[in-house]
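Observations on the model geometry
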Amino acid sequence: MKWSEIMIHTTNEAVEPISNILYEAGAGGIVIEDSDELLKEHDDQYGEIYELDPDDFPEEGVIIKAYLPVNSFLGETVEEIKQAITNLTTFDIDIGPNKVTISEVHEEEWATAWKKYYNPVKISEKFTIVPTWENYEPVSSDELIIELDPGMAFGTGTHPTTVMCIQALERTVKPGDTVMDVGTGSGVLSIASAMLGAERVLALELDEVAVRAATLNVKLNKVQNRVTVKQNDLLKGVNEQADVMVANILAEVIARFAEDAFGHVKPGGHFIASGIIRQKKDLVVDALTSAGFIIEETMVMEDWVALIAKRG
Ligand SMILES: C[S@@+](CC[C@H](N)C(=O)[O-])C[C@H]1O[C@@H](n2cnc3c(N)ncnc32)[C@H](O)[C@@H]1O
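The name given to the protein chain in an unreviewed UniProt entry is Ribosomal protein L11 methyltransferase, with Heyndrickxia faecalis as the source organism. The UniProt entry for the protein chain carries this comment under Subcellular location (unreviewed entry): "Cytoplasm". Per its UniProt entry, the protein chain bears the Catalytic activity (unreviewed entry) comment "L-lysyl-[protein] + 3 S-adenosyl-L-methionine = N(6),N(6),N(6)-trimethyl-L-lysyl-[protein] + 3 S-adenosyl-L-homocysteine + 3 H(+)".

On to the domain arrangement of the protein chain, then. Domain annotation for the protein chain reports domain 1 (3-114) and domain 2 (147-311). Every contact between the two is made by 5 residues of domain 1 and, on the other side, 5 residues of domain 2. Grouping the amino acids of the side of domain 1 that touches domain 2 by side-chain chemistry returns 1 nonpolar, 3 polar and 1 charged.

Our next topic: the nonpolar core. Membership of the largest hydrophobic core comes to 65 residues, with the highest contact counts inside it found for Leu169, Ala192, Met245, Ile254, Ile272, Ala273 and Ala306. If we ignore the near neighbours within four places in the chain, the residues touching alanine 273 are Ala247, Ile254, Val284, Leu288, Ala306, Leu307 and Ala309. Of all hydrophobic cores here, the second largest spans 15 residues; its members include Tyr67, Leu68, Ile81 and Ile85.

Residue-level pLDDT values for the protein chain average 86, and 84% of them are 70 or greater. At the level of chain-chain contacts, confidence expressed as ipTM amounts to 0.99, with global pTM at 0.70.

With that settled, the discussion passes to the environment of alanine 66. Among the structural elements, alanine 66 can be located in strand β5 (residues 62-69). Along the sequence, alanine 66 and alanine 27 sit 39 residues apart, while their C-alpha atoms lie 6.0 Å from each other.

The subject of this paragraph is the packing of helix α6 (residues 251-263) against helix α7 (residues 281-291). Running from N to C, α6 and α7 cross one another at 10 degrees; their axes reach a closest spacing of 8 Å. Classified by the angle their axes make, α6 and α7 are roughly parallel. Contacts from Ala251, Ile254, Ala255, Ala258, Glu259 and Phe262 of α6 reach α7 at Leu283, Val284, Ala287, Leu288 and Ala291. Broken down by class, the residue content of the contact of α6 with α7 amounts to 10 nonpolar, no polar and 1 charged.

On to the sheet that holds strand β9 (residues 144-148). By way of backbone hydrogen bonds, the strands of a sheet pair with one another, either parallel or antiparallel. Spatially, the 3 strands line up as an open sheet ordered β7-β8-β9, and their pairing is mixed. Single-partner strands in this sheet number two, and they are β7 (121-122) and β9. Alignment of strand β8 (residues 127-131) against β9, held across 5 bridges, turns out to be parallel. Opposite phenylalanine 127, over in β9, you have leucine 144 as the bridge partner. Together, β8 and β9 form the strand contacts of helix α4 (residues 188-195), whose direction differs from that of β9 by roughly 150 degrees.

A separate point is unusual backbone geometry. A positive phi is found at aspartate 92, a non-glycine position, where the angle reads about 60 degrees. Its place among the elements puts aspartate 92 in the loop between α2 (74-87) and β6 (99-105).

Read across the open sheet, the 4 strands follow the order β2-β5-β1-β6; overall the sheet is antiparallel. The sheet is open, and its two borders are formed by β2 (30-34) and β6, each paired with just one other strand. Adjacent strand axes in the sheet meet at a mean angle of 20 degrees, parallel and antiparallel pairs treated alike. Summarising the sheet, strand β1 (residues 3-10) and β6 pair through 7 bridges and their orientation is antiparallel.

So, about the environment of glycine 268. Residue placement: glycine 268 occurs in strand β14 (residues 265-277). Classification of glycine 268 as exposed rests on a count of 9 C-beta atoms within 10 Å. Considered as a pair, glycine 268 and glutamate 24 are 244 residues apart in the sequence and their alpha carbons are 38 Å apart.

Here is what the cut-offs are and how they apply
Residues numbered from 1 in each chain as written. Predicted model: local features only at pLDDT ≥ 70, side-chain atom pairs only at ≥ 80, totals over all residues. UniProt positions renumbered as here; feature names shortened; annotations may be inferred. Domains from an automatic or database assignment. Contact = placed C-beta atoms within 7 Å. Nonpolar A, V, L, I, M, F, W, Y, C, P; charged D, E, K, R; others polar. Core = buried A, V, L, I, M, F, W, Y, C linked by C-beta atoms within 7 Å. Buried ≥ 20, exposed ≤ 12 C-beta atoms within 10 Å, placed from the backbone. pLDDT = per-residue confidence, 0-100. Helix = DSSP H or I, 4+ residues; strand = E, 2+ residues; numbered from the N terminus. Axes fitted to C-alpha atoms, helices over the stretch in contact; angles between N-to-C directions. Parallel < 35°, antiparallel > 145°, perpendicular 65-115°, else oblique. Pairing = 2+ DSSP bridges.

This is the structure in structure tokens:
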């Protein structure tokens, strides 16, 4: 998985509100480099005085660094962060230079560091997502556990857009169903569908690295007999129909392939569309209804919307 480092040069006063903004935006881990730290005397656990490297610190003010997974929502997330920081001035918080820089961090640097930020998370009535390296004891006997290694592709499984899809799958997938998961990423939605009793799941993904991650995660969760992971551009060349289709992609992409999706959902079947930032809901609703779908339910979590549409 690629991570993006967002670096914000700000003031001491703004550290706490900015850290909150970053955590709410899904940052995995925050590093604070405060110029005042250089002026203090530090001793280690054995009482030895040590010096900090001035190169690691700004000349004045504070630098906050946070790590965001590189996925198709990154651009929007960064814009939201910038906007939320600028809004702090309306509360008379001095945000100082407010210089924001983005750079990419490679997986090797994060090889182990990020793991400490992921813990088991109960994301719906039935499902708990557990990182592969954790030993987790189920709380109840009917709890469904998805083991996930989020290290390689989008999806710790806990992004609001993913959580809403899983909750919607819980309500729509029936034992024996055929499911199509367009943009499978880590494979989490396909795994959930199989665990809900789907007989056959087609997991489609454009990105080669994600295809590999999904294939591994499908095996890890022992659903490889029912889930087929395939490198594919949306529904190109797919000739079957599903009882349930799920797509957690960007609003524009869903709008673009709404008609094609309609043709690939069985009459009476459902299309769960997610990855829709609140402001773009109408765009997707219009595209889905023009394609012939009936919107049965609108789900909202934070700034995100998911739609459960039915082919009548
Ligand atoms: C936001 S992620 C969702 C991942 C996962 N389904 C989840 O809910 O956690 C969207 C995924 O769609 C994939 N994708 C984007 N455009 C695609 C396309 N044209 N065809 C297939 N997959 C695509 C991306 O590579 C990415 O893995």
